Amino acid sequence: MLRRAALTGAGVTSLLGMTNIHSAYADTLDEVKKRGILTVGTEAAYVPYEFFKDGQIIGYDPEIADLIMATIGVKSRFIDTQWSGIIPALYAGKFDCIISGMTITKERAEKVLFTMPYADASNVILLRADEQRIKVADDLSGKIIGVTLGSAAAGIIKVFEAKLKAAGKPGYADVKQYEHNPEAYQDLINKRIDAVVNSRSTMMVVMRDAPGQFKMISGVSDIVAWFGMAFRKQDVAMRDFFNTHLLAMKQDGTLAKLQRKWFGATMDTPDTIPDILPS
């Protein structure tokens, strides 16, 4: 409820900001160039997108931002932010944009401008390697599910539970929401929950870093989902600047190189936001 109220407030702020729309479009990008720093909102607990190592925020997202901003001689500074309040913080001026493994959803697209997709955000189900009760997504009926608070997965599992009930099956035994992804994975290992729903690209890394402990299955959503970088509604120039450079990175192989580095595999991503988005 708090998150819904906060996001609604952000949407109102964005509409008010559009009253001075033409000057606002250029101002943020120009200001970033003048100050020489792009401030980025992120939740630095989403390996390999962004996470702390030796006191620094590193990962796939910071490396992309650094490369893009270097083209205009600007540094990027990532600011660790609570995920559930990250969009209101953007509109409060705490940072210039959000680059934080954010799934492009219908709800969020009403609040922010997204870039073209730059990673696969399709959701899958993570299980313990020895789990025998859950073989297909429908087997989540009667189980305890873990998701990150405010994530796209939190909405996806609600839709899937409704499908289970419509088919005459029980819903989940419980849904546990976590502030940070690693907490969910640890509870899964410790058998406090039965499954975790999150993006495929993230689960690839979890399985790579913990060989033999997990397995994953699909089927929780029929909609392919994507990650995008988010900007205030009035910051069209900033969004377009990032789109131009993301497209160039796709075409020259830079993005694929970064994906191999951080995920161990590449992801084909569309150059435009699909018409059909997860809720």
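Basis of the calculations
Residues numbered from 1 in each chain as written. Predicted model: local features only at pLDDT ≥ 70, side-chain atom pairs only at ≥ 80, totals over all residues. Heavy atoms only, no water. Phe/Tyr/Trp six-rings, centres within 6.5 Å; stacked < 30°, edge-to-face > 60°. Helix = DSSP H or I, 4+ residues; strand = E, 2+ residues; numbered from the N terminus. Buried < 20%, exposed > 50% of the residue type's maximum accessible area, 1.4 Å probe, protein only. Pairing = 2+ DSSP bridges. Axes fitted to C-alpha atoms, helices over the stretch in contact; angles between N-to-C directions. Contact = heavy atoms within 4.5 Å. Expected span 1.5 Å × (residues − 1).

With respect to the packing of aromatic side chains
Part 1: This structure, assessed with the given rule, holds 10 aromatic pairs.
Part 2: Centre to centre, the rings of Tyr49 and Phe227 are 4.9 Å apart; their planes meet at 70°, and the pair counts as edge-to-face. Separated by 178 residues along the polypeptide, Tyr49 in the loop between strand 2 (45-46) and strand 3 (50-53) and Phe227 in strand 14 (residues 226-232) bring together distant segments of the chain.
Part 3: The interplanar angle of 15° and the centroid separation of 5.8 Å between the aromatic rings of Tyr60 and Tyr118 together place this pair among those described as stacked. With Tyr60 in helix 3 (residues 60-70) and Tyr118 in the loop between strand 7 (112-114) and strand 8 (119-120), this pair connects stretches of sequence that are 58 residues apart. Grouping residues by exposure puts Tyr60 and Tyr118 together as buried.
Part 4: By way of ring pairs, the aromatic residues Tyr46, Tyr49, Tyr60, Tyr118, Phe227 and Phe263 are connected into one cluster.

Focus: the sheet that holds strand 12 (residues 195-199)
Part 1: Ordered by their spatial adjacency, five strands build an open sheet running 11-10-12-9-13, and the pairing between neighbours is mixed. Of all the strands in the sheet, just strand 11 (174-178) and strand 13 (214-217) have a single pairing partner and so form its edges. Each neighbouring strand pair of the sheet contributes to a mean axis angle of 30°, computed without reference to strand direction.
Part 2: In this sheet, strand 11 lies alongside strand 10 (residues 144-148) in parallel orientation, the contact comprising five bridges. From the neighbouring strand, Val147 faces strand 11, where its bridge partner is Gln177.
Part 3: Contacts from helix 6 (residues 152-166) reach strand 9 (123-128), strand 10, strand 11 and strand 12 within the one sheet, and its direction differs from that of strand 10 by about 145°.
Part 4: Packed on one face of the sheet, helix 8 (residues 200-209) meets strand 9, strand 12 and strand 13 and runs near 120° to strand 12.

Side note on the sheet that holds strand 3
Part 1: The strand order across the open sheet formed by three strands is 2-3-4, and the pairing between neighbours is antiparallel. Bordering the open sheet on either side are strand 2 and strand 4 (56-58), each of which pairs with just one other strand.
Part 2: Alignment of strand 3 against strand 4, held across three bridges, turns out to be antiparallel. Within the sheet, the bridge partner assigned to Phe52 lies in strand 4 and is Ile57.

Focus: helix 9 (residues 236-251)
For the α-helix, the turn length of 3.6 residues means that residues three or four positions removed from each other point alike.
Part 1: Here helix 9 contains 16 residues, and its C-alpha end-to-end distance of 22 Å stays within 8% of the 22 Å for a straight helix at 1.5 Å per residue.
Part 2: All of the buried residues in helix 9 are Val236, Met238, Arg239, Phe241, Phe242, Asn243, Leu246 and Met249.
Part 3: With its phi angle positive at about 90°, Gly253 sits one or two positions after the end of helix 9.

Looking at unusual backbone geometry
Part 1: Here Val47 and Pro48 are connected by a cis peptide whose omega angle stands at 0°.
Part 2: One non-glycine residue, Asp54, lies in positive phi territory at about 55°.
Part 3: On the accessibility criterion, Asp54 (73% relative accessible area) is exposed.
Part 4: In the Ramachandran plot, Lys191 falls in the positive-phi region, its phi being about 65° despite a non-glycine side chain.
Part 5: Mapped onto the elements, Lys191 comes out in the loop between helix 7 (181-189) and strand 12.

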